[in-house]
Amino acid sequence: MADDLNDVTDDDDEVSESSEALIAVHWRDEGYYPPPPSFVAQANASDPAIREQFTEDEFPDSFTAYADLLTWFKPWDTVLDTSDAPFWKWFVGGELNASYNCVDRHLADKANKAALIWVPEPESETHQAITYRELYVRVNEFAAVLKDLGLKAGDRITFHMPMVPELPVAMLAAARLGIVHSQVFAGFSGTAAGHRIADSGSTVLVTIDGYHRSGELLDHKVKADEAVEAAAKEGQQVDKVLVFRRYPGQYSAETPMVEGRDVFVDDLLAAHKGEIVEPVALKATDPLFLMYTSGTTGRPKGCQHSTGGYLSYVAGTSKFYQDIHPDDTYWCMADIGWITGHSYIVYGPLALGTTSVLYEGTPNFPDAGRPWRIAVQLGVNIFHTSPTAIRMLRKVGPDEPAKYDYHFKHMTTVGEPIEPEVWRWFYESVGKGEAVIVDTWWQTETGGFLGSTLPGIDPAKPGSCGPAALGILPVILDEDANEVPAGSGKAGNIVIRNPWPGVFQTIWGQPERFVSTYYAKYNKDPKSKDWHDWPYFAGDGATQAADGYFRILGRVDDVINVAGHRLGTKELESVALTVNEVAEAAAVPVVDEVRGRVVEMYIALKPGYDPSPEIEAKVRDAIVKDIGKIARPKNIWIVPDMPKTRSGKIMRRVIAATSNFTDTGDITTLANPEIVEKIRQQVQTAKRANGEAPKELSEAELNEIKNFGAE
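Not measured: the values here are computed from a predicted model. (Residues numbered from 1 in each chain as written. Predicted model: local features only at pLDDT ≥ 70, side-chain atom pairs only at ≥ 80, totals over all residues. Heavy atoms only, no water.)

Let's talk about the environment of Ser659
- Topologically, Ser659 is positioned in helix 19 (residues 652–659).
- On the basis of relative accessible area, Ser659 is assigned to the buried category, the value being 2%.
- Each C-alpha atom of the pair Ser659 and Ile679 lies 9.7 Å from the other, and the pair is 20 residues apart in sequence.
- Discounting chain neighbours no more than four positions away, the residues touching Ser659 are Val588, Val590, Glu600, Tyr602, Trp637 and Lys687.
- Here Tyr602 takes part through its side chain, which lies 2.7 Å from a polar atom of the side chain of Ser659. (Helix = DSSP H or I, 4+ residues; strand = E, 2+ residues; numbered from the N terminus. Buried < 20%, exposed > 50% of the residue type's maximum accessible area, 1.4 Å probe, protein only. Contact = heavy atoms within 4.5 Å. Polar contact = N/O pair within 3.5 Å; in protein donor to acceptor, adjacent residues only side chain to side chain.)

Some details on unusual backbone geometry
- Between Phe59 and the following residue, Pro60, the backbone shows a cis peptide bond with an omega angle of 0°.
- Topologically, Pro60 is positioned in the loop between helix 2 (37–42) and helix 3 (64–67).
- Residue Pro366 is reached from Phe365 by a cis peptide bond, and omega for that bond is 0°.
- If you trace the backbone, Pro366 turns up in the loop between strand 18 (355–359) and helix 13 (370–378).
- Despite not being glycine, Ser214 shows a phi value in the positive range, around 55°.

Comments concerning the packing of helix 7 (residues 166–177) against helix 12 (residues 339–351)
- At their nearest, the axes of helix 7 and helix 12 sit 12 Å apart, and the two run at 60° to each other. What the angle tells us is that helix 7 and helix 12 run oblique. Viewed along their axes, helix 7 and helix 12 form a crossing whose handedness is right-handed. In this structure, helix 7 uses Pro168, Met171, Leu172 and Ala175 to contact helix 12, whose residues at the interface are His342, Val346, Tyr347 and Leu350. (Axes fitted to C-alpha atoms, helices over the stretch in contact; angles between N-to-C directions. Parallel < 35°, antiparallel > 145°, perpendicular 65-115°, else oblique. Left-handed = near helix turned anticlockwise from the far one by under 90°.)

What follows is the structure, encoded as structure tokens:
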């Protein structure tokens, strides 16, 4: 009995140490950068009184201002239905179509205006401008293809596509018919796509034969075969694989087409030339798409976004935060395979009738001047990218922006916190001191921005995303649901007290997981239908300054943010454990100056196996095959044992500290504390031999490593 009691006590000590949300945060308060008068004069939101329209007293009716930006076939009866909390229903009774709102309704006055401008990676190839009229024709023709295959509203379809114009065309065609689309990032493996096909129940996969990336024409079709095989293993049959051709009339892949299953899209389009498919009137609450995101368990989460609420929210935030006008040329240098590309390349900008730029390749190919040449060539005046891309461009071409005569009025950074030093380079060198910057905080699950400055009203502050977005009611809570006051210098869990139209509806096929992951933590009455009782738990740590600006500290769960891509540690570890020799696996983040974080894997072997480069290679190859190159570990450490509590839980914070050359902290609660020094000697000696010196980490980074692995 005494031993059992000791086990409980040790575990309790561990939990209180590793999941404590109330952290002291110390950094110098950064200065303010007000918007220039020229920007304020043209801003969509320049009067601070706009905030009075979005106060808590005006909720939820305030969000009808966003819905009014759209064209509705039938008006809504109820703004927010909370009867099945927390499965919120927005604009109930209303009917609309996302494809109609992004394409058809612009034909009256913007038919000859460019909707999309596609920039191929090879600079020798010409840019492709697609007008709203041309987009209308292409969307209708592909919708006719999908309809001819028997697909209808409510069915699911999976796209595994790179940054080519055929992707937004396919998305809008699916949306036209009410087919729920699931786009998988092209960099993910075929196996990862197969898992998502199986989870969503898709019977059709849309892909492309090849695309350019970092100077190579990649065979992408090979991944389709892997995807179909992986889906079949999970019991999901793919009936058709639709293959676009990167170059018309020629096949760019070495992987052969499978007779009876694979078909070239251009062959199908020939039978539907000029065909018009009327947009389906969908309920506002009908799903528009699934976007899969890594979670803290092995199975990815299919975030289901609605048609009316989501489209309203991305239109509204694009207007007020991106400051998009119809005559702007807007370039979001993200990938449509992620939520940023869905919300702020396709649906938000096109709903507003602007020109949206797509770029096929890597931003530093063939050199670090490429983004700025594109900006000059296309007259880009709004530029949107990630801190990872900014860090990379700063590293490889810090003086390049000054060589090019472009002028941005507005720049966005998104996906992860940005360091103040990097922010200032972005402002001074890329923006030339002329552009406003919005540093946005949001997630796949939220659909759109939750925290950001209003660029025509609020000054920017390096390292802080800013105040809450319009209509959003955040609060920082400690583990006991006590509010952490602004200006206290303390951090906690950032929580959103109210629903908003862009929030996802559920996790596809996993409603219990939806509630337990995002709402159960601070809910005190599971039967309540009052939205006040269902605060949204974002899973991010944050602090709030006295001025109301939020600073996001990073994840409080087991997710590693690599170059803006969230990778679940459980997913990584599950793959490592598929290697026969591996008994245990743990994934940890390592701070990296370019990619933000990189993954390192620790593995312990089954008895009878000795460490070898071959086993390391097996683990690395398995992760690349099942998840993708983005998840490839920087290092794989085969260790004699993992540091564990007496209950057997691996203490990831200890090995994360080892990989980052930081203090491992208190290890007295471990069942095998002696192993920590052995691992430290092994790993840090090898790192130093490879030229990896300890980095000076910020307070926030140190806290992230110290608290990594908190549940």
